[in-house]
Amino acid sequence: MRDFRTSIKEGMTVRTSDGEKLGKIASVNGDEFIIEKGLLFKEDYTARSERVLDVKGDEVIYRPLAEGERAGFTGSEERERQSRTSAGEVRVPLSEEELEVNKRTRETGGVRVSKDVVTENKEMTVPVTHEEVKVERVPAEGRSAAGKIEGGEVTVPTTEEEVTVSKRPVVREEVRVSKQPVQEQRTVSAEVRREEPHIEDLSDDERRARGKSEIEEGGIRAPGRHDENK
């Protein structure tokens with residue numbers, strides 16, 4: 001099998017054997033190189049140099065992923081990605097759910113103010129003036145009359161004040177309605193999930209059997225089986 005590790009460089013384009021673009025190489029670390037996330041990969045993809053079929057100019061031809069695995073990592077690749085760092089230590093991420101609280105305003109009630117007309121009797125005392133006739137006869141002390149004597153009559157009218165009532169609306173008082181926010185504490189609860197690590201000790205036989213199974217599932221070709229792709 002041809003060793004392409006020295007030919008793989010940062011910035012090169014990675015394609016499958018049928019020409020499908022997987023992305024660009026973001027970094028190279030020994031036997032591994034990172035294909036940056038894009039339309040095909042939702043996160044940075046850790047690729048293995050042993051799966052490189054050929055290097056042509058600035059393009060790397062990578063072994064196509066198995067059917068049904070194009071949108072993510074294979075089982076072995078996921079374990080490899082989790083178990084390898086630049087320092088050689090094992091890092092397995094553990095996730096948990098968090099509560100996210102949102103608030104919305106809803107109508108709980110209200111106050112309706114209406115007015116009714118109420119009729120009542122109201123009395124007022126008002127002073128009024130009227131004229132009355134007073135007739136007096138007093139001696140004239142024999143003064144001479146101005147003219148001849150003849151009959152006649154004199155009309156003397158009398159008046160009085162008459163009470164009339166009119167009405168006009170006036171503002172007696174007003175009702176004021178206002179709102180003010182009142183804050184209170186309210187407790188909410190929900191079930192959340194989290195991941196807990198499960199440590200399993202594998203014997204040498206189990207590790208060898210599992211590694212053989214992963215190689216068969218991944219379709220890694222034995223040396224000398226793909227010389228035509230050089």
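See the structure above.
Residues numbered from 1 in each chain as written. Predicted model: local features only at pLDDT ≥ 70, side-chain atom pairs only at ≥ 80, totals over all residues. Heavy atoms only, no water.

Engineer: Go over the overall build of the chain, please, and point to the residues and values.
Structural biologist: A count of helical and extended segments in the chain gives two helices and six strands. When the helices and strands of the chain are read in sequence order from the N terminus, they spell out β-β-β-β-β-β-α-α. Looking at the chain residue by residue over its 230 residues, the buried ones come to 16%. Sequence separation of 24 or more characterises 51% of the internal contacts of the chain that already satisfy a separation of 6 or more. Carbon and sulfur atoms provide 46% of the accessible area of the chain, an area that totals close to 21,600 Å². (Helix = DSSP H or I, 4+ residues; strand = E, 2+ residues; numbered from the N terminus. Buried < 20%, exposed > 50% of the residue type's maximum accessible area, 1.4 Å probe, protein only. Contact = heavy atoms within 4.5 Å. Areas by Shrake-Rupley, 256 points an atom, 1.4 Å probe, with all protein chains shown as cover.)

Engineer: I'd like a rundown of the packing of aromatic side chains, residues and numbers included.
Structural biologist: Applying the stated criterion across every chain, the model contains one aromatic pair. Measuring from centroid to centroid gives 6.0 Å for phenylalanine 33 and tyrosine 62, while their planes differ by 85°, and the two rings are edge-to-face. Here phenylalanine 33 is found in strand S3 (residues 32–35), whereas its partner tyrosine 62 is found in strand S6 (residues 59–62), with 29 residues between them in sequence. When sorted by exposure, phenylalanine 33 lands in the same class as tyrosine 62, which is buried. (Phe/Tyr/Trp six-rings, centres within 6.5 Å; stacked < 30°, edge-to-face > 60°.)

Engineer: Describe the sheet that holds strand S1 (residues 13–16), and please don't skip the residues or the numbers.
Structural biologist: Backbone-to-backbone hydrogen bonds pair the strands of a sheet. The strands run either parallel or antiparallel. A sheet is described by the order of its strands in space; here six strands give the open sequence S4-S3-S2-S1-S6-S5, paired in mixed fashion. In the strand order of this sheet, the two ends are held by strand S4 (45–48) and strand S5 (52–56), each with one partner. On average, each strand axis in the sheet is tilted by 35° relative to the strand beside it, whichever way the strands run. Here four bridges tie strand S2 (residues 21–29) to S3, and the two strands are oriented antiparallel to one another. When the sheet's bridge partners are listed, isoleucine 25 is paired in S3 with isoleucine 35. (Pairing = 2+ DSSP bridges. Axes fitted to C-alpha atoms, helices over the stretch in contact; angles between N-to-C directions.)

Engineer: Tell me about the nonpolar core, residues and numbers included.
Structural biologist: Of all hydrophobic cores here, the largest spans 14 residues; its most connected members are Val14, Ile25, Phe33, Val52, Val60 and Tyr62. Of all the secondary-structure elements, those providing two or more residues to this core are S2, S3, S4, S5 and S6. With residues near it in sequence (within four places) discarded, valine 60 still touches Met12, Thr13, Val14, Arg15, Ile25, Val52, Asp54 and Val55. (Core = buried A, V, L, I, M, F, W, Y, C linked by side-chain atoms within 4.5 Å.)

Engineer: Run through a nonpolar patch on the surface, naming residues and quoting values.
Structural biologist: Judged by side-chain polarity, Met124, Val126, Val128, Val163 and Val165 come together as a nonpolar surface patch covering roughly 530 Å² of accessible area. Relative to the helices and strands, valine 126 resides in the loop between helix H1 (75–83) and helix H2 (204–218). (Patch = residues over 30% accessible without salt bridge, like charges linked within 9 Å, V, L, I, M, F, W, Y side chains within 5 Å. Salt bridge = Lys/Arg side-chain N within 4 Å of Asp/Glu carboxyl O.)

Engineer: Run through the side chain of arginine 48, naming residues and quoting values.
Structural biologist: Position of arginine 48 relative to the elements: it lies in strand S4. For arginine 48, a relative accessible area of 11% puts it in the buried group. Side-chain polar atoms of arginine 48 contact the side chain of glutamate 32, separated by 3.2 Å. (Polar contact = N/O pair within 3.5 Å; in protein donor to acceptor, adjacent residues only side chain to side chain.)

Engineer: An account of the pattern of salt bridges is needed here, citing residue identities and associated values.
Structural biologist: For the structure shown, the criterion picks out 11 salt bridges. The salt bridge involving arginine 15 is made with glutamate 59; its shortest N-O contact spans 3.0 Å. In this pair, arginine 15 is assigned in strand S1 and glutamate 59 in strand S6, connecting sequence segments 44 residues apart. Classification of arginine 15 by relative accessible area gives partly exposed; the value is 25%. The partly exposed category is assigned to glutamate 59, whose relative accessible area is 25%. Of the charged contacts in the structure, one is a salt bridge between arginine 176 and glutamate 174, with a shortest N-O distance of 2.8 Å. A residue is classified by how much of its surface remains accessible, and glutamate 174, at 55% relative accessible area, is exposed. Beyond isolated ion pairs, a larger network of salt bridges with shared partners links Asp3, Arg5 and Asp31.

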